[in-house]
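Here are the chains, one letter per residue:
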Amino acid sequence: MARVIRFHKTGGPEVLRVEDIDVPAPGPNEVQIRVKALGLNRAEALLRAGTYIETPTFPSRLGLEAAGIVESVGAGVKGFKAGDGVSLVPPISMLRWPTYGELINFPVEHVVKHPETLSWEEAAAVWMKYLTAYGALIDIAKLTSKDFVVITAGSSSVGLAAIQIAKMVGATPIVVTRTSAKKQALIDFGAVHVIAQAEEDLLSRLTEIAGPNGVRVVLDPIGGPIFEPLTAAMAPGGILLEFGGLSPEPTPFPLFTVLAKTLTLRGYLVHEIVRDPVKLEAAKTFILGGLKSGALKPVIAKTFAFEQIVDAHRYLESNEQFGKVVVTV
């Protein structure tokens with residue numbers, strides 16, 4: 001028997017339960033992992049609430065990220081053995097491959113030997129945020145040292161990862177955050193410019209920073225009214241990558257700005273990288289190289305014990321964190 005997190009109905013964090021289940025031996029091309037830490041993501045809160053792109057079937061499990069020790073391997077698995085320290089690339093379906101548990105089976109193509117310099121907590125906080133930022137900024141937008149890049153929700157785990165990746169390739173990150181409360185922390189972290197959206201005029205500040213040529217790349221998980229000043233400040237031929245919908249307000253389509261500047265407004269999911277073996281290998285090489293060099297360093301906002309999963313999800317939804325929420329197992 002092993003402890004797992006499940007929920008029997010959708011709702012708030014209080015629906016999460018710690019329960020015991022039997023975990024089968026790993027199947028062909030699967031690796032069984034003794035989990036040491038979990039990285040929490042907003043997608044898991046959405047699944048729990050019933051508003052995610054997947055629909056839970058009860059009792060439902062959840063989870064996209066973890067790190068731990070290989071317990072055993074299934075038939076056909078090469079390159080891993082019992083005792084190896086590994087971390088997990090988020091699967092396409094967390095219902096099929098949930099990570100919230102003491103002992104889990106995972107497809108071998110999603111298992112990575114991370115640098116030994118990382119703690120379990122750091123290793124569990126790697127793949128979702130860096131893959132998301134890499135796929136948008138490097139694979140799609142082809143970010144370069146000549147570019148200004150706007151990163152909204154800058155203190156989120158993906159926002160912080162995007163700052164590091166932008167700095168890694170020499171681009172200039174302009175970070176947007178809601179208030180000035182985290183402004184100095186973002187500057188200390190590496191943001192070249194920080195705009196407090198609720199306190200400053202976003203378009204004026206972006207124009208002041210980027211100048212008449214504008215911003216070529218925008219990475220946004222918010223949507224809503226922010227689309228209008230963001231696109232107004234973009235360079236001709238620029239690209240805005242939307243990977244979320246945090247704003248409760250409608251998102252306008254800035255038709256004439258898009259036409260005049262021939263902009264690309266593109267929806268993006270990390271699944272684009274995860275489901276493509278060639279792109280995933282390129283992403284792993286880039287991210288592991290950054291981790292080994294120290295250019296990429298996971299930021300842990302707060303750590304909770306496995307039994308505190310309800311509190312961990314409450315904190316995840318509070319928007320108070322600077323970095324990744326982690327649960328130790």
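For the structure, see preceding data.
Report follows, based on the coordinates. Here the structure is a predicted model, which means the values were calculated and not measured.

### A look at the overall build of the protein chain
When helices and strands are counted, the protein chain shows 11 helices and 16 strands. Relative to its length of 329 residues, the protein chain is compact, with a C-alpha radius of gyration of 20 Å against a globular reference of 20 Å. A buried classification covers 56% of the 329 residues belonging to the protein chain. In the protein chain, the share of contacts with a sequence separation of at least 24, taken over all contacts with a separation of at least 6, comes to 69%. In the protein chain, which carries 32 positive and 33 negative side-chain charges, the distance between the mean positions of the two groups comes to 3 Å.

### Looking at the packing of helix 3 (residues 127-140) against helix 10 (residues 277-293)
Viewed as axis vectors pointing N to C, helix 3 and helix 10 meet at an angle of 110°, and their least axial separation amounts to 10 Å. As judged from the angle between their axes, helix 3 and helix 10 are roughly perpendicular. Relative to helix 10, helix 3 is oriented so that their crossing is right-handed. Each of W127, Y130, L131, Y134, I138 and D139 in helix 3 lies in contact with helix 10, whose residues at this interface are K279, L280, A282, A283, K284, F286, I287, L288 and L291.

### Comments concerning helix 6 (residues 202-210)
Here helix 6 has its buried residues at L202, R205, L206, I209 and A210. Axial view of helix 6: buried residues confined to an arc of 110°, hence all on one face. Those residues of helix 6 that are buried are in contact with strand 9 (148-151), strand 10 (172-177), strand 11 (193-196), strand 12 (215-220) and helix 7 (227-232). Phi for G211, located one or two positions after helix 6, is positive at around 75°.

### Some details on the packing of helix 3 against helix 4 (residues 157-168)
Direction vectors running N to C along helix 3 and helix 4 enclose 55°, while the axes themselves pass 8 Å from each other. In this view, helix 3 runs oblique relative to helix 4, as classed from their interaxial angle. Helix-helix and strand crossings are classified by hand; for helix 3 and helix 4 the assignment is right-handed. In this structure, helix 3 uses K129, Y130, T132, A133, Y134, L137 and I138 to contact helix 4, whose residues at the interface are S157, V158, A161, A162, Q164 and I165. Partitioning the contact of helix 3 with helix 4 into residue classes produces 9 nonpolar, 3 polar and 1 charged.

### Comments concerning the sheet that holds strand 2 (residues 16-21)
Read across the open sheet, the 3 strands follow the order 2-1-4; overall the sheet is antiparallel. For this open sheet the edge positions go to strand 2 and strand 4 (60-61), each flanked by a neighbour on one side alone. With 6 bridges connecting them, strand 1 (residues 2-7) and strand 2 associate as antiparallel partners. Note that in strand 2 the partner of A2 across the bridge is I21.

### Points about the sheet that holds strand 10
Taken together, the 6 strands give an open sheet; going across it, the order is 11-10-9-12-13-14, and neighbouring strands pair in parallel fashion. Across the chains shown, the open sheet's two edge strands, defined by having one partner strand only, are strand 11 and strand 14 (264-267). Each strand of the sheet is rotated relative to its neighbour by a mean of 15°, with strand direction disregarded. Taken together, the 5 bridges between strand 12 and strand 13 (residues 234-242) define a ladder with parallel strand orientation. Paired with V215 across the strands is M234, a residue of strand 13.

About the criteria used
Residues numbered from 1 in each chain as written. Predicted model: local features only at pLDDT ≥ 70, side-chain atom pairs only at ≥ 80, totals over all residues. Heavy atoms only, no water. Helix = DSSP H or I, 4+ residues; strand = E, 2+ residues; numbered from the N terminus. Rg over C-alpha atoms; globule rule 2.2 N^0.38 Å. Buried < 20%, exposed > 50% of the residue type's maximum accessible area, 1.4 Å probe, protein only. Contact = heavy atoms within 4.5 Å. Lys, Arg positive; Asp, Glu negative; His and termini not counted. Charge placed at Lys NZ, Arg CZ, Asp CG, Glu CD. Axes fitted to C-alpha atoms, helices over the stretch in contact; angles between N-to-C directions. Parallel < 35°, antiparallel > 145°, perpendicular 65-115°, else oblique. Left-handed = near helix turned anticlockwise from the far one by under 90°. Arc of directions from axis to C-beta. Nonpolar A, V, L, I, M, F, W, Y, C, P; charged D, E, K, R; others polar. Pairing = 2+ DSSP bridges.

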